[in-house]
Amino acid sequence: MELKIRKTAEIYVIDINGEMDLYNSYKLKDLVVKMLEKGMKSLIINLEQVDYIDSSGIGALIYICSMMKKMNLRLLIVNVRGSVKRVIELTKLTEYFPIADTIEDAIHTMAGV
């Protein structure tokens, strides 16, 4: 799994490429914790290049989501498709996760808040 960070205005985007599984999901959690320590307030997690997610990946997203909700920060998960979307639907987390269709939609939503 490869993680790339980019910034648009005050909104950070993490592009994930690869599988979110037991062997690498911790990398995303660690990265977000470091970003929060540096004062990040808005985050978009882009799953466009993720073709596989297991319970560890779902757990990492739940951890990040709950941590950001507790801190009253903004998070959107975008480009949830294919098998990743099916896993999120099967675990009934579509209502829990703040999901937007595209990065553009997420930026527009966050900018309007």
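Preceding block: the structure.
Here is what the cut-offs are and how they apply
Residues numbered from 1 in each chain as written. Predicted model: local features only at pLDDT ≥ 70, side-chain atom pairs only at ≥ 80, totals over all residues. Heavy atoms only, no water. Salt bridge = Lys/Arg side-chain N within 4 Å of Asp/Glu carboxyl O. Buried < 20%, exposed > 50% of the residue type's maximum accessible area, 1.4 Å probe, protein only. Axes fitted to C-alpha atoms, helices over the stretch in contact; angles between N-to-C directions. Helix = DSSP H or I, 4+ residues; strand = E, 2+ residues; numbered from the N terminus. Parallel < 35°, antiparallel > 145°, perpendicular 65-115°, else oblique. Left-handed = near helix turned anticlockwise from the far one by under 90°. Contact = heavy atoms within 4.5 Å. Nonpolar A, V, L, I, M, F, W, Y, C, P; charged D, E, K, R; others polar. Pairing = 2+ DSSP bridges.

Draft legend 1. Quick peek at the pattern of salt bridges. Taken as a whole and assessed by the stated rule, the structure comprises three salt bridges. Linking Glu 2 and Lys 4 is a salt bridge whose minimum nitrogen-to-oxygen distance equals 3.5 Å. Of the charged contacts in the structure, one is a salt bridge between Arg 6 and Asp 15, with a shortest N-O distance of 2.6 Å. Residue classification places Asp 15 among the buried positions, given a relative accessible area of 17%.

Draft legend 2. Expanded view of the packing of helix H1 (residues 25-37) against helix H2 (residues 55-70). It is at 8 Å that the axes of H1 and H2 come closest, and there the two elements cross at 15°. The angle between H1 and H2 falls in the class roughly parallel. As for the relative orientation of H1 and H2, their crossing is right-handed in sense. Residue-level contacts link Ser 25, Leu 28, Lys 29, Val 32, Val 33 and Leu 36 of H1 to Ser 56, Gly 57, Ala 60, Leu 61, Tyr 63, Ile 64, Met 67 and Met 68 of H2. For the contact of H1 with H2, the class distribution of residues is 10 nonpolar, three polar and one charged.

Draft legend 3. Region of the structure containing the sheet that holds strand S4 (residues 74-78). Reading across from one edge, S1-S2-S3-S4-S5 is the order of the five strands in this open sheet, with mixed pairing throughout. One side of each edge strand has no neighbouring strand; the edge strands of this open sheet are strand S1 (2-8) and strand S5 (99-100). In terms of strand pairing, strand S3 (residues 42-53) meets S4 through five bridges, oriented parallel. In the strand pairing of S4, Leu 43 is matched with Leu 75. Sheet contacts for helix H3 (residues 82-90): S3 and S5; angle to S3, the most-contacted strand, approximately 105°.

None of this, on its own, says anything about what the molecule does.
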